[in-house]
Amino acid sequence: MTVKDMQYRLEQKRHVKTDIPGPRSAELAARRSKVVASGVASSNPFFVQDADGGVLLDVDGNSFIDLGTGIAVTSVGASAPAVVGAVKEQVEHFTHTCFMVSPYEGYVEVCEALAELAPGDFEKKAALFNSGSEAVENAIKIARIATGRTAVVAFDHAYHGRTNLTMALTAKAAPYKSANGKSFGPFAPEVYRMPLSYPFREENPNITGKEAAERAILQMEKQIGGESIAAMIIEPIQGEGGFIVPAEGFLPRLAEYAREKGIVFIADEVQAGFCRTGAWFASEHEGIEPDLITVAKGIAGGMPLSGVVGRAELLDAVHGGGLGGTYGGNPVACAAALGAIETMREHDLNGAARRIEELVLPRLEKLAQETGIIGDVRGRGAMLAMEFVQKGSADSVKTPDADVVKKIAADCLAEGVIILTTGTYGNVIRLLPPLVISEELLLDGLEVLEAAVRKHA
Ligand SMILES: *Cc1c(COP(=O)(O)O)cnc(C)c1O
């Protein structure tokens, strides 16, 4: 079976019949502004009523094409039948026991799936948590216990979360760490930041991935000393940083250096993992076998679940009771994950992600050539992005253009297409369609996006 055999509950059509937001959404927005903290912002002004396949329905009856999946989460759709069925079945029996108190099979089954799917021909184990940030925190905890070292290396443009340690690992200040002269700090110590391989913005455009890795390794040796580093954490394709794909050879050289120095190599696949890039894990594209992998977002069809999977001896280095949490690996979330993984397998969603790349990438490249305001088109599978620059600067200074990105996103929204913006400079449009989206709907969404880009070129 493939995505072509997919049955949808909601009509898979774009349909805008009110202003956005419509009257009912505007009412809810007024209520929201009285009681919801303004620190929690939403990029879209409408309120959601229903979602299925590639569409999101708002409370005023508008139907949007969802090219954002709630930030790479609902890869199997927001109400995938296998997820809904598994969740219903589980909630009718028990919603919680706490795995640390009274264990249950679903948790074990998810760990079995993680150990089977993660790259690496070695014995693997896993532990489950709730959010991506929590998975990252725990991967670092494991690495520190296993190595007896404290220093952690992260990279430019990285995003690893919003808790205290993960804010420290995240590169971008506003809005995550500080803004307008005020800060969420002090941040966790012993975090060192190294230069990434960012092909579009390299000073020397001919630098290879391996050379970019040597540049980072030299700094690690000089500033920290390899033998003092507990862990190196990196997103194989960066998410919030702007879908930056490091040059070929960068990740393998870093992994090799980590192995030489006894550093735990952690791939943060919270965004790129679980079929998003056309493979179970983005690490596979470069043939790397991370010591630990963090997963979340796409794993459970929208239910909150995250995990750390990797070398059994690392996970087992932690003393009994050292890892856990009240809700980690909640039984309903585990049931959802098993439903999501079943959907990924049965409908070959890795193949679907590769098909999306085949359809979309050439069109974005053509758009870049025609308009002259897109400096770079990049990504893999259904994780694709365009980096916008001021006209005429694409081959020279590459001046980021965040304003045009905002305008394009607003135009898309008005026409019924949800896209997400991102990047260190706020000048990237990223596409994260559900992997189950029909070709027809995807192409309709793409045409709206192309028209909006042309309008502002
Ligand atoms: C989203 C994300 C996180 C944080 O996940 P939360 O569930 O929001 O805590 C960590 N790492 C990466 C790569 C992410 O994309």
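All values reported here derive from a predicted model rather than from experimental measurement. (Residues numbered from 1 in each chain as written. Predicted model: local features only at pLDDT ≥ 70, side-chain atom pairs only at ≥ 80, totals over all residues. Heavy atoms only, no water.)

A. Spatial organisation of the overall build of the chain. Within the chain, the regular secondary structure consists of 13 helices and 17 strands. Its C-alpha atoms give the chain a radius of gyration of 22 Å, within 12% of the compact-globule value 23 Å for 457 residues. Considered along the principal axes of its C-alpha atoms, the chain spans approximately 60 × 60 × 45 Å. The burial tally for the chain puts 55% of its 457 residues in the buried class. Long-range contacts, defined as pairs at least 24 residues apart, comprise 75% of the intrachain contacts of the chain with a sequence gap of at least 6. Side-chain charges of the chain comprise 44 positive and 59 negative groups, with the mean position of each set lying 6 Å from the other. (Helix = DSSP H or I, 4+ residues; strand = E, 2+ residues; numbered from the N terminus. Rg over C-alpha atoms; globule rule 2.2 N^0.38 Å. Buried < 20%, exposed > 50% of the residue type's maximum accessible area, 1.4 Å probe, protein only. Contact = heavy atoms within 4.5 Å. Lys, Arg positive; Asp, Glu negative; His and termini not counted. Charge placed at Lys NZ, Arg CZ, Asp CG, Glu CD.)

B. Spatial organisation of the domain arrangement of the chain. Here the domain parsing of the chain yields domain 1 (3-67 + 348-455) and domain 2 (84-346). When each unit is reduced to the centre of its C-alpha atoms, the spacing between domain 1 and domain 2 is 26 Å. Facing 35 residues of domain 1, the contacting portion of domain 2 comprises 28 residues. At the boundary of domain 1 with domain 2, total buried surface from both sides reaches about 2500 Å², with 55% on carbon and sulfur atoms. By the criterion of area lost to domain 2, the three top residues of domain 1 are N350, R380 and M383, representing 29% of everything that side buries. (Domains from an automatic or database assignment. Buried area = accessible area lost by both parts, 1.4 Å probe.)

C. Geometry of the pairing of strand β17 (residues 428-431). On β17, burial covers both faces: V428 and R430 on one face and I429 and L431 on the other are all buried. Pairing of strand β16 (residues 420-422) with β17, which is carried by three bridges, proceeds in the antiparallel orientation. Residue pairing for β17: L420 is matched across the bridge by R430. Hairpin remark: β16 followed by β17, antiparallel, with five residues in the connecting loop; positive phi at G423, about 105 degrees. (Pairing = 2+ DSSP bridges.)

D. Representation of the sheet that holds strand β2 (residues 55-58). Within the open sheet, the four strands sit side by side as β1-β2-β3-β15. Their pairing is mixed. Looking at which strands have only one partner, the edges of the open sheet turn out to be β1 (48-52) and β15 (417-418). Bridge count for β2 against strand β3 (residues 63-66) is three bridges, and the pairing is antiparallel. Residue pairing across strands places V55 opposite I65, the latter belonging to β3. On top of the sheet, helix α13 (residues 439-456) reaches β2, β3 and β15; it is set at about 90 degrees to β3, its chief contact. (Axes fitted to C-alpha atoms, helices over the stretch in contact; angles between N-to-C directions.)

E. Region of the structure containing the site of the ligand. In the region of the ligand, the neighbouring residues are S131, G132, S133, Y159, H160, G161, E235, D268, V270, Q271 and K297. In this structure, a nitrogen atom belonging to the ligand sits 2.7 Å away from a side-chain N or O atom of D268. Measuring from an oxygen atom of the ligand, one finds a side-chain N or O atom of K297 at 2.7 Å. Taking 380 Å² as the accessible area of the ligand by itself, protein coverage stands at 83%. Among the residues forming the shell around the ligand, the class breakdown is two nonpolar, six polar and three charged. (Near = heavy atom within 4 Å. Polar contact = N/O pair within 3.5 Å; in protein donor to acceptor, adjacent residues only side chain to side chain. Areas by Shrake-Rupley, 256 points an atom, 1.4 Å probe, with all protein chains shown as cover. Nonpolar A, V, L, I, M, F, W, Y, C, P; charged D, E, K, R; others polar.)

F. How the structure looks around the packing of aromatic side chains. Tallying each qualifying case throughout the model produces nine aromatic pairs. Look at F99 and Y107: their rings are 3.6 Å apart centre to centre, the planes differ by 10 degrees, and that puts the pair in the stacked class. Take Y107: its relative accessible area is 11%, and that puts it in the buried class. Sitting over the ring of F187, K177 keeps its end group 5.5 Å from the ring centre. Over the ring of F122 we find R311; its NZ or CZ atom is 3.8 Å from the centre of that ring. (Phe/Tyr/Trp six-rings, centres within 6.5 Å; stacked < 30°, edge-to-face > 60°. Lys NZ or Arg CZ within 6 Å of the ring centre and 35° of its normal.)

G. Inspection of the side chain of R276 at higher detail. Inspection of the secondary structure puts R276 in the loop between β10 (264-268) and β11 (292-295). The charged side chain of R276 is buried without a salt bridge, its nearest counter-charge being D66 at 8.5 Å. Polar contacts involving the side chain of R276 include one to the side chain of S75, which spans 3.2 Å. (Salt bridge = Lys/Arg side-chain N within 4 Å of Asp/Glu carboxyl O.)

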